[in-house]
Amino acid sequence: MSLNSLAIADLLSFSQGLLLGVLFLSNSKGNRHANNLLGLFLLLFNFGSLHSFFLNSGLVNQYNWLLGFPSLFLLWFGPLLYFYSKSLSINNFTWKRSYNWWFVPAAVELLGNFILLSLGTEQLFKLAYNEYFIWGAALHSFAASLFSIYFTVRSLILIKSSASLSALKQKWLKYILSYFMGRFVFWSLYFALVLAQASHVIKYTPEVISLLTLMDFIAVFAISIFSFKHMHEIHTSQKEAAYILSPEQETLYFNSLLRLLQQERLYRKSDLKLSEVASLLQTNVKYVSQLIKLRTGHSFTSFINTYRIDEFKNRILDEQFRHLTIIAIAEECGFNSKATFNRVFKEMEGISPKVYREKHTKQVC
């Protein structure tokens with residue numbers, strides 16, 4: 001074994017990934033699911049650096065079976081990234097049994113590689129020079145890269161459509177996903193060339209491996225610095241995060257709430273509850289209540305009723321609704337009780353709905 005500069009760099013990169021993985025996995029504060037998923041991802045992804053270390057240090061000459069070791073985890077990367085993004089994008093994220101099915105390919109891959117490693121050095125060497133085995137290994141790596149790309153694209157779509165993600169979390173996830181998307185695309189192109197028997201276009205030498213390892217080292221280092229600097233904001237649960245949002249983030253939530261009311265007319269639901277709105281915004285009930293109070297001065301119910309009353313006032317003067325009774329119009333606007341509607345209307349307008357209709361109908365005439 002020779003500890004040259006490339007081997008030392010590889011070992012440092014792997015050690016960094018190992019340390020970060022363990023730190024995230026052991027962090028019980030904040031969003032536990034997010035910590036576990038990111039920790040496991042970093043831990044497994046950095047085994048690529050270990051592969052590079054085996055090559056550059058000459059350990060593979062002593063222990064030939066080490067050549068196959070890093071390929072144990074290729075099908076883990078995509079699902080781990082996706083569910084990590086999901087754990088940050090969904091309020092009160094919980095792990096469902098159905099999610100386990102996405103890791104079946106990774107489990108099969110793991111089992112297959114352990115079977116190969118159990119064959120012994122002599123058999124592995126024979127396979128290493130077998131044309132069909134080489135082609136099969138390249139096909140497996142190509143498929144694994146596409147598998148990871150598929151999940152990374154799903155992750156990007158998920159964070160783009162999430163209304164609850166703060167600007168900081170969106171930036172964080174875009175940084176991570178964009179970098180690893182680049183890595184997965186590189187591997188898919190490389191193994192496509194291998195399958196097309198054009199692998200000479202890219203020489204997969206120890207130097208190239210070390211260059212990629214260096215890129216990973218820098219990327220993971222940047223991820224770790226950013227993550228631990230903003231850990232309280234990124235990996236806190238939605239309940240905790242409600243109390244640390246910036247004014248910009250509050251505006252993002254409030255604009256999403258206005259969209260639900262003004263464009264989707266959510267207030268027309270007579271049984272609309274605060275918990276339902278919080279779920280749609282993917283945050284917690286207490287935060288939505290506080291946000292409405294802060295931005296409008298109203299309670300949740302009072303705020304929703306202002307929209308209902310405004311629509312009622314527009315409808316009551318519209319000729320196409322003249323055939324409807326006052327209560328029928330009120331019900332279409334979201335009120336489910338005549339007494340409640342009359343009380344709310346009088347509190348807001350100072351007169352009864354009937355007097356309002358008569359007064360404004362005369363003005364129109």
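The paragraphs below set out a description of the structure included in this document. (Residues numbered from 1 in each chain as written. Predicted model: local features only at pLDDT ≥ 70, side-chain atom pairs only at ≥ 80, totals over all residues. Heavy atoms only, no water.)

Side chains of Leu3, Ile8, Leu11 and Leu12 sit close together on the surface and give an oily, nonpolar patch of about 350 Å² of accessible area. On the basis of relative accessible area, Leu11 is assigned to the partly exposed category, the value being 33%. (Patch = residues over 30% accessible without salt bridge, like charges linked within 9 Å, V, L, I, M, F, W, Y side chains within 5 Å. Areas by Shrake-Rupley, 256 points an atom, 1.4 Å probe, with all protein chains shown as cover. Salt bridge = Lys/Arg side-chain N within 4 Å of Asp/Glu carboxyl O. Buried < 20%, exposed > 50% of the residue type's maximum accessible area, 1.4 Å probe, protein only.)

Given two aromatic rings, their pairing is described by the distance between the two centres and the angle made by the two planes. Tallied over the entire structure, the rule returns 33 aromatic pairs. For the ring pair Trp95 and Phe103, a centre distance of 6.1 Å and an interplane angle of 40° mean the geometry is tilted. Each ring, one from Phe341 and one from Phe345, has its centre 5.9 Å from the other, and the planes form 55°; the classification is tilted. One end of the pair is Phe341 and the other is Phe345, both in helix H18 (residues 338–349) and four residues apart, which spans about a single turn. Stacked on the ring of Tyr82, the Lys or Arg Arg154 has its end atom at 4.4 Å from the ring centre. Note that Arg154 overlies the ring of Trp102, its terminal NZ or CZ placed 5.5 Å from the centroid. (Phe/Tyr/Trp six-rings, centres within 6.5 Å; stacked < 30°, edge-to-face > 60°. Helix = DSSP H or I, 4+ residues; strand = E, 2+ residues; numbered from the N terminus. Lys NZ or Arg CZ within 6 Å of the ring centre and 35° of its normal.)

Packed helices, taken two at a time, are described by their axes: the angle between them and the distance between them. Where helix H13 (residues 247–262) contacts helix H14 (residues 274–281), the axes come no closer than 10 Å and their chain directions differ by 115°. In terms of crossing hand, the pair formed by H13 and H14 is right-handed. Counting all contacts with H13, which are made through Tyr253, Ser256, Leu257 and Leu260, the residues of H14 involved are Val277, Leu280 and Leu281. Among the residues making up the contact of H13 with H14, the classes are represented as six nonpolar, one polar and no charged. (Axes fitted to C-alpha atoms, helices over the stretch in contact; angles between N-to-C directions. Left-handed = near helix turned anticlockwise from the far one by under 90°. Contact = heavy atoms within 4.5 Å. Nonpolar A, V, L, I, M, F, W, Y, C, P; charged D, E, K, R; others polar.)

Moving on to the side chain of Thr306. By the element assignment, Thr306 lies in helix H16 (residues 300–316). Thr306 gets classed as buried once you look at its relative accessible area, which sits at 17%. Sequence-distant contacts of Thr306, defined by excluding residues within four places in its chain, comprise His298 and Met348.

The next subject is the pattern of salt bridges. Applying the stated criterion to the full structure yields seven salt bridges. Close ionic contact of Glu349 with Lys313 constitutes a salt bridge, the shortest N to O distance being 3.1 Å. A residue pair is termed long-range when its members are at least 10 positions apart, and Glu349 in helix H18 and Lys313 in helix H16 qualify at 36 residues. Assessed through its relative accessible area of 29%, Glu349 is described here as partly exposed. Where Arg315 meets Glu332, a salt bridge forms, and the shortest distance between an N and an O atom there is 2.3 Å. One end of the pair, Arg315, is in helix H16; the other, Glu332, is in helix H17 (residues 326–332), with 17 residues separating them in the sequence. Residue classification places Glu332 among the partly exposed positions, given a relative accessible area of 38%. The network of salt bridges with common partners includes Arg268, Glu311, Arg315 and Glu332.

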